[in-house]
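A look at the structure
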Amino acid sequence: MNERSNPMRPLLGTLAGVKDLADDVKLFQIELNGQSFDYRPGQFAFVSAFGVGEAPFGLASTSGRTSQLEFAVNRIGTVTAALHSLEPGAIVGVRGPLGNSFPLDEMRGKNIVVLGGGIGGAPLRPVIHTILDRRTEYGKLTILWAARKPSLLVFTDEYDAWRSAPDTELHLTVDEGSPPWTGNVGLITQLLEQVAPSPENAAAIICGPPIMIKFVLLGLKKLGFADEQMIMTLEAKMKCGIGKCGRCNMGEIFVCLHGPVFSYTQVSRFLESFV
Amino acid sequence: MSDDIEEGIRVRARELLSLGEVGCVVGYERSPKGRIRPAFVYDAGDVHRLVWDQTCHHNLMVYLRERVAPSRTNEAAPRTAVVARPCDVRALNVLIHEGQVIREQVFVIGVACPGMLDGEGVAEHCQRCKERTPVFYDALVGRAPKVDVLDETWADVAGLEAMSPAERLAFWTREFDRCIRCYACRQACPGCYCFECLVEQVDPSWVSIAHKVPEKAFFHVMRAYHLAGRCVECHACDQACPMHIPLSLLNRKIAKEVKALFGYVAGGDPEIPPPLATFRKDEELPL
Amino acid sequence: MKAITREALTTWLDGLTGRYTLIAPRLVEGELLYRSVTASAEIVLEFRRTVLSPKTFFLPDTQVVLEVEKRGTETTLAEPEVVKEQVIIGVRPCDARGLRALDALLLDRPPADAYYAERREKTTLIGLACPRLWEDCFCTSLGGAPDDASDVDLMFYEGRTGYWLSVVTEKGAALVEGLRTEETEQALPASDISGERVPVLAPDGWSALFDDAYWQRLADRCLSCHACTYVCPTCRCFDVRDDTTAAGPGYAHIQRLRAWDSCMAAAYRRIAGGHNPRPSKAQRLRNRYYCKFCYSPIDFGAVACVGCGRCIAVCPVAIDITEMLADIQYPISST
């Protein structure tokens, strides 16, 4: 069996760094021991806290920018709590890359609207990085970044870099503001109405809680975005990430195999609602 | 006698549904292949589906919580009628005491039960049953049958008690060996309604997911303990088990201890709550 | 055709027990189950359905997928012991056919499951034809037959004094080298395939029924136990969880376990944080049938049900898949 590739067997990695990203959210930077893998924005990996289990996380790093794998982990369950208790130097397991990726090649030349809610911003970060690193290949970049409150906004240390990139706008909003927040207060759907990006030669990429995605889709439709112009990444409970354990199906589609990135054209045909 | 009960259920169901007094009658029906199964009748025109005989062994109280649990009930929610044998009504008592079901939301069609048949005559646990009509009901069908009641001697448990610990371990190892952790026993039991069963809890992981005897034994023994003073000995668990494991023996042993300690039989009295689910400042037994 | 006396068969089977893990139907406290046997006398080949399919010998109800050892700052991973060659005798055609669905998902659609692949490779299947359909069986409605030898390596057909034997694959031929057989001119009686057929709807018919009120009605009595999925030859959903088997200062031994799970369980899709996309019994029951009759044909080109009837036999509340298939020919209403 050792000669055969075993997709259930993780690679071992060392936790190189842990950064506080937001309330109960940490950014884990993992250095794989020896081997590494190539991945594209939108893909995910399973991270193991040995002794507790493994869980899927979107890759928040960009393979062109760093050799480390970065994951934003929200402490909400057993595996995430175990990961949060780890210190740099700890050994973890990683299985990836899994799933499909955002169709960034097909989106070249288009105006991109990125909409991220809360920790949903994590898989969108490599999208923004890729566009910024290949700036002339893409049109206008409009980023709408939201969270329930200011302390839940992620990657705040990158906002200046995003804002100052050519032909790039960053709009932030929080559901509930509190001092010292002086920015926008309101839902991302309200922000979307205000910013009103044009659907002309545009593509929208959305990530966040299912209910946020649902209402953002409605908001984009109102602005004239067609089904195939709206791309989202979905989450589901997963145990294998390779289409075997049966759990993550939406009808005949498996989120881990056929997704997690889907266009609304695909999602609108799902028999089961993703919300 | 079963015919009278069956007819009585249909008449009552038709009345309740056509007057709009209940939204659903939960009873029994026969499948096209002749198997007895729970039935949910929503329309007065469908009451002919309802049957009753001495193989109606499901405890229908398992279906009440999802229909009439306090958190789900509002003024507009209709009542549910349920066909209930004496043991089923005792289970309902337990659920009412534990705040899981609102009494007013349930119409109990009580059955004067002659006992369940088990292929060799009336089942032993039914022969021991002292009540022939439920301890409470909203309507009664059938007449209290004249049956000789077997004295409660706990004879079934005596066999277990006579075994040495090693023999008892061997016995249960043999029985749990074929358990497949399907949880049919738990799901069929009206007393098991935890949102997340302890064996499925991940944090902490009390028991691994392995289908091995230690884990299976843990599940069954813990479940029996969690039913101490709450199990009404309806044997729905035995009936549900695809491997015919005599699960009720565990509950019977614990029931014997509860009777000796508290003089209590689960659900027997609408006024007296389960002793292990009740806190009194003045406990009768010294600690 | 080759034939073998009962005596020759038992002698041969006893010989196999030394070289292979021999698995056969055996009585376990009155229940007929596929279990490993050490002597042919334990084997029961009478015409009777086992409670479970032999699925567990390919996708075990419990298996260790990883052994993890942590010592100080070092962590090492190992994969479990290699599986011994297995021979399963008494495999009914429906159970063997069920492996097609497991193969399609676990082997053919990449990436292949290494554990399933190993067991599949190391197993020889000795089939046993059924003389007719058993109670609740409906293999003939789904393209199967009680004497279908397509999915086994050897097929036995019971006669009065022994068995007819058909060698189906090279693997089967290799196993019977040295088995004392006779050539017989006696014609093999065909299995009785009479019995009402159950209609099976095509996938697009299922899409149209997704929101039908029928699923709620059917699910009213469902208990959300795992019985139907565990006895099924084609169901394969599993759970993965770590279990610490030994721990001390600076040391831990962990097993990553994989075990059967069921899409019927309420918590099946519940994620940390509490959101559950399938909170109702009706949604889960509907998903189970759609998985078998709609999604599997779309994904793999074949229905994931072999008509073995086990789910019908074990369901505590008599939910009957054949009844459902007949009922949905006449949609009741929209919600």
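Here the structure is a predicted model, which means the values were calculated and not measured. (Residues numbered from 1 in each chain as written. Chains lettered and ligands numbered in written order. Predicted model: local features only at pLDDT ≥ 70, side-chain atom pairs only at ≥ 80, totals over all residues. Heavy atoms only, no water.)

Before going further, it helps to examine the side chain of Ser262 of chain C. All names here are of chain C. In this structure, Ser262 sits in the loop between β12 (251-260) and α8 (281-300). Judged by relative accessible area, Ser262 falls into the buried class, the value being 0%. One polar contact links Ser262 to Thr229, side chain to side chain, over a distance of 2.9 Å. (Helix = DSSP H or I, 4+ residues; strand = E, 2+ residues; numbered from the N terminus. Buried < 20%, exposed > 50% of the residue type's maximum accessible area, 1.4 Å probe, protein only. Polar contact = N/O pair within 3.5 Å; in protein donor to acceptor, adjacent residues only side chain to side chain.)

Core analysis: the biggest nonpolar cluster contains 146 residues, and Trp52 of chain B together with Trp206 and Met324 of chain C have the highest contact counts within it. Sorting elements by how many residues they give to this core places α8 of chain C first, with seven residues. Lining this core are residues from two domains, each supplying at least three of them: domain 1 (2-141) and domain 2 (155-270) of chain B. Discounting residues that sit within four places of it in the chain, Met324 of chain C has contacts with Trp206, Tyr214, Trp215, Leu218, Tyr289 and Phe293 of chain C. (Core = buried A, V, L, I, M, F, W, Y, C linked by side-chain atoms within 4.5 Å. Domains from an automatic or database assignment. Contact = heavy atoms within 4.5 Å.)

Residues and elements named next belong to chain B. Two elements in contact, helix α5 (residues 155-162) and helix α10 (residues 248-262), have axes whose closest approach is 9 Å; the angle formed by their N-to-C orientations is 95°. In this view, α5 runs roughly perpendicular relative to α10, as classed from their interaxial angle. Counting all contacts with α5, which are made through Asp156, Val157, Leu160 and Glu161, the residues of α10 involved are Leu249, Arg252, Lys253, Lys256 and Glu257. In the contact of α5 with α10, the residues fall into three nonpolar, no polar and six charged. (Axes fitted to C-alpha atoms, helices over the stretch in contact; angles between N-to-C directions. Parallel < 35°, antiparallel > 145°, perpendicular 65-115°, else oblique. Nonpolar A, V, L, I, M, F, W, Y, C, P; charged D, E, K, R; others polar.)

What follows is about the sheet that holds strand β4 (residues 62-71) of chain C. Residue and element names in this part refer to chain C. Spatially, the four strands line up as an open sheet ordered β5-β4-β12-β11, and their pairing is antiparallel. Strand pairing shows two members of the sheet lacking a second neighbour, β5 (74-78) and β11 (238-248), which therefore form its edges. Across the sheet, the mean angle separating the axes of adjacent strands is 20° when strand polarity is ignored. Here β4 pairs with β5 via five bridges, running antiparallel. Bridging from a neighbouring strand, Glu67 pairs with Ala78 of β5. (Pairing = 2+ DSSP bridges.)

Turning next to the packing of aromatic side chains. As enumerated under the stated definition, the model contains 22 aromatic pairs over all chains in all. A ring pair is formed by Tyr290 of chain C and Tyr295 of chain C, whose centres lie 6.0 Å apart and whose planes are at 50°; its orientation type is tilted. Of the two residues, Tyr290 of chain C and Tyr295 of chain C, neither departs from the other in class, the shared state being buried. Among the aromatic residues, those joined into a ring-pair cluster are Trp206, Phe210, Tyr214, Trp215, Tyr289, Tyr290, Phe293 and Tyr295 of chain C. The lysine or arginine in question, Arg95 of chain A, covers the ring of Phe46 of chain A, its NZ or CZ lying 4.6 Å from the ring centre. The aromatic ring of Phe210 of chain C is capped on one face by Arg286 of chain C, whose charged end is 3.7 Å from the ring centroid. (Phe/Tyr/Trp six-rings, centres within 6.5 Å; stacked < 30°, edge-to-face > 60°. Lys NZ or Arg CZ within 6 Å of the ring centre and 35° of its normal.)

Residue and element names in this part refer to chain C. Taking strand neighbours across the sheet as the criterion, the eight strands line up as β3-β2-β6-β7-β8-β9-β1-β10 in an open arrangement whose pairing is mixed. The sheet is open, and its two borders are formed by β3 (31-37) and β10 (182-183), each paired with just one other strand. The sheet contacts of helix α1 (residues 6-19) involve β1 (2-5), β2 (21-28), β3, β6 (86-91), β7 (123-128), β8 (154-158) and β9 (162-167), and relative to β1 the element is tilted by about 85°.

A separate point is unusual backbone geometry. The omega angle of the peptide bond from Gly96 of chain A to Pro97 of chain A is -5°, so this bond is cis rather than trans. Among the secondary structure elements, Pro97 of chain A is positioned in strand β6 (residues 91-98). Residue Pro260 of chain A follows Gly259 of chain A across a cis peptide bond; omega there is 10°. For Pro260 of chain A, the location among the structural elements is in the loop between β13 (253-254) and β14 (261-263). Here Ala196 of chain A, not a glycine, exhibits a phi torsion of approximately 45°, which is positive. Along the chain, Ala196 of chain A turns up in the loop between α4 (188-195) and β10 (202-207). Judged by its relative accessible area of 37%, Ala196 of chain A falls in the partly exposed class. The phi angle at Arg181 of chain B is positive, at roughly 50°, despite the residue not being glycine. By the element assignment, Arg181 of chain B lies in the loop between α6 (165-177) and α7 (184-188).

Our focus in this paragraph is the pattern of salt bridges. Summed over all chains, the structure comprises 59 salt bridges over all chains. Three or more residues joined by partner-sharing salt bridges are found here, namely Glu124, Arg128, Glu152, Asp156, Glu233 and Arg252 of chain B. (Salt bridge = Lys/Arg side-chain N within 4 Å of Asp/Glu carboxyl O.)

Quick look at the domain arrangement of chain B now. Residues and elements named next belong to chain B. On domain assignment, one finds that chain B holds domain 1 (2-141) and domain 2 (155-270). A straight line from the C-alpha centre of domain 1 to that of domain 2 covers 25 Å. Contact residues are listed per partner, giving 19 residues for domain 1 and 20 residues for domain 2. Taken together, both faces of the contact between domain 1 and domain 2 bury some 1,700 Å²; the carbon and sulfur share is 56%. Linking domain 1 to domain 2 there are two salt bridges. Its salt-bridge partner being Arg128, residue Asp156 comes within 3.5 Å of it at the nearest N-O pair. A per-element tally of the side of domain 1 that touches domain 2 places helix α3 (residues 86-97) first, with seven residues. When the residues that make up the side of domain 1 that touches domain 2 are grouped by side-chain class, the tally is eight nonpolar, six polar and five charged. (Buried area = accessible area lost by both parts, 1.4 Å probe.)

A surface patch of nonpolar side chains, about 280 Å² in accessible area, is lined by Ile211, Phe215 and Leu218 of chain A. Summarising the element assignment, Leu218 of chain A is placed in helix α5 (residues 210-222). (Patch = residues over 30% accessible without salt bridge, like charges linked within 9 Å, V, L, I, M, F, W, Y side chains within 5 Å. Areas by Shrake-Rupley, 256 points an atom, 1.4 Å probe, with all protein chains shown as cover.)

A word on the interface of chain B and chain C. Size of an interface: often given as the accessible area lost when the parts come together. Between chain B and chain C, the residue contacts involve 43 residues of the former and 41 residues of the latter. Of the roughly 3,300 Å² buried at the junction of chain B and chain C (both faces included), carbon and sulfur atoms supply 55%. Looking only at chain B, the three residues that lose the most surface to chain C are Arg35, Ile209 and His211 of chain B, adding up to 19% of its buried area. The interface formed by chain B and chain C includes eight salt bridges. Where Asp136 of chain C meets Arg35 of chain B, a salt bridge forms, and the shortest distance between an N and an O atom there is 2.6 Å. Elements supplying a minimum of two residues to the side of chain B that touches chain C: β2 (36-41), α2 (65-68), α6 and α7 of chain B. Element by element, the count of residues in the side of chain B that touches chain C is highest for β2 of chain B, at four residues.

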